[in-house]
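# Descriptive analysis of the structure
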Amino acid sequence: MFMGIAWYWWIATAAAVGILVPLKIRFVKWWSRRQQEKNERQRGKWGDEE
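The rules we used
- Residues numbered from 1 in each chain as written.
- Predicted model: local features only at pLDDT ≥ 70, side-chain atom pairs only at ≥ 80, totals over all residues.
- Heavy atoms only, no water.
- Helix = DSSP H or I, 4+ residues; strand = E, 2+ residues; numbered from the N terminus.
- Buried < 20%, exposed > 50% of the residue type's maximum accessible area, 1.4 Å probe, protein only.
- Areas by Shrake-Rupley, 256 points an atom, 1.4 Å probe, with all protein chains shown as cover.
- Phe/Tyr/Trp six-rings, centres within 6.5 Å; stacked < 30°, edge-to-face > 60°.

Before going further, it helps to examine the overall build of the chain. Each helix and strand in the chain was counted, giving one helix and zero strands. Counting all 50 residues of the chain, 2% fall into the buried class. Accessible area of the chain: about 5,100 Å², with a carbon and sulfur share of 63%.

As enumerated under the stated definition, the model contains five aromatic pairs in all. When the ring of F27 is compared with that of W31, the centres are 6.0 Å apart and the planes differ by 25°; the resulting orientation is stacked. Taken as a pair, F27 and W31 lie in helix α1 (residues 7–42) at a separation of four residues, close to a single helical turn. Residue classification places F27 among the partly exposed positions, given a relative accessible area of 47%. Put simply, the rings of W7, Y8 and W9 pair up and form one aromatic cluster.

Now the structure itself:
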């Protein structure tokens, strides 16, 4: 036991982090790409061209 947690909880936590961190990175990249495309489509529609 390390820090009062059984060994199998450490494995479960490491597995969860190993899966969730790459998924979050993918989501953030996808979301920023989506927002950028959305902004490019909006440009010129309402007279806010730069």
